[in-house]
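Examination of the molecular architecture
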Amino acid sequence: MDDSSGLKQKKLEFTLAAVSQLSSSSLSSSSSSSSSVIARFSADSGVAELRFHRDSEFIDGFNVDIGTSQLFKLGPVQSLCVSESSGASKEKSYSRAVTIQFRNEDESRDFHSAFEQWQKDVIQAGIHLPNGAIAASKSKFDYKIEPSSAKMYFHYYGQLLHQQNMLQDYVRTGTYYAAVIENRVDFTGRVVVDVGAGSGILSLFAAQAGAKHVYAVEASEMAEYARKLIAGNPALAQRITVIKGKVEEVELAEKADILISEPMGTLLVNERMLESYIIARDRFLVPNGKMFPSIGRIHMAPFSDEYLFVEIKLQALFWQQQNYYGVDLTPLYGSAFQGYFSQPVVDAFDPRLLVSPPLCHVIDFNEIKEEDLFEIDIPLKFIASVGTRVHGLACWFDVLFNGSAVQRWLTTAPGAPTTHWYQIRCVLSQPIYVMAGQEITGRLHMIAHNAQSYTMYLSLSAKMWGPGAVQGGILQTSSGKLDLKEPYYRMSQPQSYTMAQDQQPQQLLQAQAIPIHTEDLDEAELLRQPSENTGPHLQ
């Protein structure tokens, strides 16, 4: 069957105000003429394309392969269409971009809907190329993620031993169970989609809570194990359907009233599954449907830990040997030193190591857009509680299950029962010195990459302290670049530390007041403390 024929029958045209092609060095515009530009969707050449015409003449060089492009809104009447590079590099890149100016917002909205529908048709059916071969269809996930990374990711989660590790995290599993069962009112008689279902445990919880039907979507080989587990629970199995595939690709028979998922990685965003959770929301969830969890918060505070700092420095000493079997290793010492400090440290630490109260960055899963997770920029501002050396930034996260009956937090905070996420610390190769009451400023800038993680850029600065500090500037600055994909799994339990005389533990566990990054949240509800059952009271 010629799948391209169906697309040809859907040929669409839109009249645009202007179209321009961007390049690294110049801007080539087709809008110099007063006549309008026609954007035409077609599959005349056997490939789904977006082609641009003026006065019935094709504008050479502006055509867009819909199957390998993405469309982004720049404003109410302006969009950007980027086309993937066809080069041999393994890094994802784009060879060209076209800006599109619409005449009004309605036409912009209709154009975006048409573009998405054509991409959907390409993904579902594939298209016959001129040589008769079927083009490999790509989903949103495939556009963003390096194939080798995806293969390792799904292989990892396709193994029962790793699922067991997560199931035996009783803080994680127990909190999910309580959040679902205590909010039966949200699940009874409702359609549920379990995003990245894994072993199917959350689907079974939803069925226990009275769900009308649960669609368990799992892309890895774990889907087969989930089918076996669910079939072994016949009282629940008749209301659960396991679907093997990515949420970016699968089709469901009906919309969901509730999404449930465990999309959190270290620092909340590692593995980039949050993006799939957001895509599932946009594809499957009814308007005003519920998400379990619905809000995530990344907490951050500067810390001091001489033991950890010296431990990392000592790891690089191997490369200071001048006679290693007759070889001088010192030329690589500098690179090795920076390499060790580029690894975020994953372990559990004593909260008394924190140098100031934490602040938090809020991610509202109900409102955030997928592209907002491509780059996360967090300004940092703290007031030091003690005088000490600051070695870096400590981070952890929590998520909120905003049920109709009970609100429940799942926290990974230091001092709370340890989870398989532990906490994460970004250690700077150059500590900074602070006094009690001194202001610490900085920035945590995270950029997503196609290995399903983030490159992290951290800077911390100590401002002038004491008389005249209002007129003073930065006294010390330290910065570092870290790869969240390549952490140092230290994962030790918290050590005992002698508390400084002017350092009070309760003082350190109070959050600083910072603006919440959404206009749609009820701040009082958002900052409600976790219950006693979920760990210590942290903001």
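Here the residue numbers are simple positions, counted from 1 along each chain's written sequence. Two thresholds apply to this predicted model, a pLDDT of at least 70 for residue-level local features and 80 or more for giving and counting side-chain atom pairs, whereas whole-chain, interface and lining totals are computed over all residues. Side-chain metrics in this entry use all non-hydrogen atoms of the structure; hydrogen atoms and water are not considered.

This part covers the overall build of the protein chain. Secondary structure is summarised from DSSP: a helix means a run of H or I of at least four residues, a strand means a run of E of at least two, and numbering begins at the N terminus for each. A tally of helices and strands in the protein chain yields 15 helices and 26 strands. Per-residue accessibility, obtained with a 1.4 Å probe over protein chains only, is compared with the maximum for each type, and a residue is labelled buried under 20%, exposed over 50%, and partly exposed between these values. The 539 residues of the protein chain split such that 50% are buried. A sequence separation of at least 24 residues applies to 72% of the contacts in the protein chain between residues at least 6 apart. Every residue pair with non-hydrogen atoms within 4.5 Å of one another is taken to be in contact.

Once that is clear, we can look at unusual backbone geometry. The omega angle of the peptide bond from Phe-292 to Pro-293 is 5 degrees, so this bond is cis rather than trans. When you line up the elements, Pro-293 lands in the loop between β15 (285-292) and β16 (295-303). Phi at Leu-267 takes a positive value of approximately 60 degrees, unusual for a residue other than glycine. One can find Leu-267 in the loop between β14 (256-261) and α11 (273-284). When its relative accessible area of 3% is taken as the criterion, Leu-267 is described as buried. Positive phi, normally seen in glycine, also occurs at Gln-452, with a value near 65 degrees.

So, on to the confidence of the model for the protein chain. With 77% of its residues at a pLDDT of 70 or more, the protein chain has an overall mean of 82. As a per-residue measure, pLDDT tells how confident the predictor is, with possible values from 0 to 100. In the predicted structure, residues 1-10 sits below a pLDDT of 50 and forms 17 contacts with residues beyond four places in sequence or in another chain. Note on residues 24-33: pLDDT is under 50 here. Beyond four places in sequence and across chains, it has 19 contacts.

Attention now moves to the environment of Gln-423. Considering the arrangement of structural elements, one finds Gln-423 in strand β22 (residues 423-434). Those residues in contact with Gln-423 that lie beyond four places of it in its chain are Val-345, Val-346, Asp-347, Ala-348, Phe-349, Cys-395, Trp-396, Thr-412, Ala-413 and Pro-414.

The next thing to look at is the pattern of salt bridges. In the sections that follow, a salt bridge refers to a side-chain nitrogen of Lys or Arg positioned within 4 Å of a carboxyl oxygen of Asp or Glu. Per the stated rule, a full pass over the model turns up 22 salt bridges. Between Glu-13 and Arg-40 there is a salt bridge, with the nearest N and O atoms lying 2.5 Å from each other. Pair noted here: Glu-13 is in strand β1 (residues 12-16) and Arg-40 is in strand β4 (residues 37-42), with a separation of 27 residues, a long-range link. What makes Glu-13 partly exposed here is its relative accessible area of 46%. Salt-bridge contacts for Lys-463 lead to Glu-439; the nearest nitrogen and oxygen are separated by 3.6 Å. On the criterion of sequence distance, the pair formed by Lys-463 in strand β24 (residues 453-463) and Glu-439 in strand β23 (residues 439-449) is long-range, its members being 24 residues apart. Taking the relative accessible area as the measure of exposure, Lys-463 reaches 27% and is therefore partly exposed. Residue class for Glu-439 comes out partly exposed when judged on its relative accessible area of 21%. Counted as one network, the salt bridges with shared partners bring together Asp-305, Glu-311, Asp-347, Arg-425 and Arg-490.

This paragraph deals with the nonpolar core. Side chains that are nonpolar tend, in soluble globular proteins, to be buried together. To define a nonpolar core, start from buried Ala, Val, Leu, Ile, Met, Phe, Trp, Tyr and Cys residues and group those joined through side-chain atoms within 4.5 Å. Counting 98 residues, the largest nonpolar core has Met-300 and Leu-380 as the members making the most contacts within it. Marked domain ranges trace back to an automatic or database domain assignment. Each of two domains, domain 2 (156-262) and domain 3 (296-489), supplies a minimum of three residues to this core. Discounting chain neighbours no more than four positions away, the residues touching Leu-380 are Met-300, Leu-359, Leu-393, Ile-440, Thr-441, Gly-442, Arg-443, Leu-444, Leu-458, Ser-459 and Leu-460. Listed in part, the 23 residues of the second largest apolar core include Phe-41, Ala-43, Ala-48 and Ala-114.

Quick look at the packing of helix α12 (residues 306-315) against helix α13 (residues 333-341) now. Where α12 meets α13, the closest approach of the two axes is 8 Å, and the angle between their N-to-C directions is 145 degrees. Crossing of α12 over α13 shows right-handed handedness. Across the interface between the two elements, Phe-309, Ile-312, Lys-313 and Gln-315 of α12 pack against Phe-337, Tyr-340 and Phe-341 of α13. Asp, Glu, Lys and Arg are counted as charged, while Ala, Val, Leu, Ile, Met, Phe, Trp, Tyr, Cys and Pro are counted as nonpolar; the rest, among them Gly, fall into the polar class. Among the residues making up the contact of α12 with α13, the classes are represented as 5 nonpolar, 1 polar and 1 charged. In this analysis an axis means a line fitted to C-alpha atoms, helices contributing only their contacting stretch, and an angle means the value between N-to-C directions, from 0 to 180 degrees. Crossing handedness is defined as follows: a turn of the near helix away from the far one that is anticlockwise and smaller than a right angle gives a left-handed crossing, while the clockwise case is right-handed.

Our focus in this paragraph is a nonpolar patch on the surface. The patches described consist of residues with a relative accessible area above 30% and no salt bridge, like charges being joined within 9 Å and nonpolar side chains (Val, Leu, Ile, Met, Phe, Trp, Tyr) within 5 Å. For every accessible area listed, the method is Shrake-Rupley and the probe measures 1.4 Å; residues are considered covered only by the protein chains on display. Together, Phe-318, Tyr-324, Tyr-325 and Val-327 make up an exposed nonpolar region whose accessible area comes to about 440 Å². Along the chain, Val-327 falls in the loop between α12 and α13.

Structurally, the position occupied by Glu-367 is in the loop between β18 (359-364) and β19 (375-383). Along the backbone, Glu-367 and Ile-295 are 72 residues apart, and their C-alpha atoms lie at a distance of 9.6 Å.

Time to look at α11. One less than the residue count of a helix, multiplied by 1.5 Å, gives the span that helix is expected to have. Taking 1.5 Å as the rise per residue, α11 with 12 residues should run 16 Å; its terminal C-alpha atoms sit 16 Å apart, in good agreement. Most of α11 sits out of view: 10 of its 12 residues are buried. Among the residues of α11, those classed as buried are Met-273, Leu-274, Glu-275, Ser-276, Tyr-277, Ile-278, Ile-279, Ala-280, Arg-281 and Phe-284.

Let us look at α13. An α-helical segment advances 3.6 residues per turn. Residues three or four places apart therefore align on the same side. Listed in full, the buried residues belonging to α13 are Ala-336, Phe-337 and Phe-341. Taken end-on, α13 shows its buried residues confined to a sector of 135 degrees, consistent with a single buried face. Relevant arc is that of directions from the helix axis to the C-beta atoms, nothing else.

Interhelical geometry of helix α6 (residues 170-181) versus helix α8 (residues 201-208) gives an angle of 25 degrees and a closest axis separation of 9 Å. Relative to α8, the element α6 lies roughly parallel. Classified by chirality, the crossing of α8 by α6 is right-handed. Side by side, α6 and α8 meet where Thr-173, Tyr-176, Tyr-177, Val-180 and Ile-181 of the first sit next to Leu-202, Phe-205, Ala-206 and Gln-208 of the second. Among the residues making up the contact of α6 with α8, the classes are represented as 7 nonpolar, 2 polar and no charged. The scheme is simple: roughly parallel for angles under 35 degrees, roughly antiparallel for over 145, roughly perpendicular for 65 to 115, oblique for anything else.

In terms of burial, strand β11 (residues 191-195) is a largely internal element, 5 of the 5 residues being buried. Side chains Val-191, Val-193 and Val-195 of β11 all project onto a buried face; the interleaved residues Val-192 and Asp-194 project onto the opposite face, where all are buried too. Sheet topology note: the β11/strand β12 (residues 213-218) ladder contains 5 bridges and is parallel. Note that in β12 the partner of Val-191 across the bridge is His-213. For the crossover from β11 across α8 to β12, the handedness is right-handed. Only strands that DSSP links by at least two bridges are regarded as paired with each other. Bridging between β11 and β14 involves 4 bridges; their strand directions are parallel. Pairing of Asp-194 across the sheet is with Ile-260, part of β14. Seen with the strands pointing away from the viewer, any crossover whose path from the first strand over the helix to the second strand runs clockwise is right-handed.

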